[in-house]
Amino acid sequence: MKKKENKETLKFLREYFKIPANKKIGWAIIKEVADYPCCKPGVYIEGSDLFLDIAEKRFYTNYSSPLIFRRAYPATRTAQKHTYRYTAKDNPQLSITRAKTYITDIYYPAIYSKELEKDKLL
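About the cut-offs
Residues numbered from 1 in each chain as written. Predicted model: local features only at pLDDT ≥ 70, side-chain atom pairs only at ≥ 80, totals over all residues. Heavy atoms only, no water. Phe/Tyr/Trp six-rings, centres within 6.5 Å; stacked < 30°, edge-to-face > 60°. Buried < 20%, exposed > 50% of the residue type's maximum accessible area, 1.4 Å probe, protein only. Helix = DSSP H or I, 4+ residues; strand = E, 2+ residues; numbered from the N terminus. Lys NZ or Arg CZ within 6 Å of the ring centre and 35° of its normal. Pairing = 2+ DSSP bridges.

A.B. asks: Residues and numbers for the packing of aromatic side chains, please.
C.D. replies: Across all of its chains, the model carries eight aromatic pairs by this definition. On the numbers, 4.8 Å between centres and 70° between planes, the contact of tyrosine 16 with phenylalanine 17 is edge-to-face. On the basis of relative accessible area, tyrosine 16 is assigned to the partly exposed category, the value being 31%. Between tyrosine 16 and tyrosine 107, the ring centres sit 5.0 Å apart and the planes meet at 75°, which makes this aromatic pair edge-to-face. Here tyrosine 16, found in helix H1 (residues 10-16), pairs with tyrosine 107, found in helix H2 (residues 102-107); they are 91 residues apart in sequence, far enough to count as distant. Residue classification places tyrosine 107 among the buried residues on the basis of a relative accessible area of 0%. In this arrangement the basic side chain of lysine 57 is found over the ring face of tyrosine 107, its NZ or CZ atom lying 5.4 Å from the centre. Here the basic side chain of arginine 70 rests over the ring of tyrosine 60, its NZ or CZ set 3.8 Å away from the ring centre.

See below:
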């Protein structure tokens, strides 16, 4: 029986988005101000302005204009009881918390599996 893949890892995201093994990646906090300000987890690529927005399933670059601001801050991720806390490496004041199933909740219904056929998807 095949072991269920853990989607809550950088390894999963690297494979899913085909990020080359020679690119160093890490957790990030994405700060975005467009219609309203928000912060969310992401993945940064070291030495690049390119970063992955986990929730939107796409890459962006750091960008600033009068209408939109979007930037990824390298972060550490620490496990708590039912959550992960992401804290910006250069600014401990910038911190967010998400459920330990955050990535799975986003990607599970987007990747075919036999289990998916048995589940109720809303």
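A.B. asks: So, the pairing of strand E3 (residues 50-53): which residues are in play, and what are the values?
C.D. replies: In terms of strand pairing, strand E2 (residues 37-45) meets E3 through three bridges, oriented antiparallel. Bridged to tyrosine 44 within E3 is phenylalanine 51. Between E2 and the antiparallel strand that follows it, E3, lie four residues; glycine 47 among them carries a positive phi value of about 80°. Linkage of E3 to strand E4 (residues 58-61), two consecutive antiparallel strands, is achieved through a turn of four residues, within which lysine 57 is found at a positive phi near 55°.

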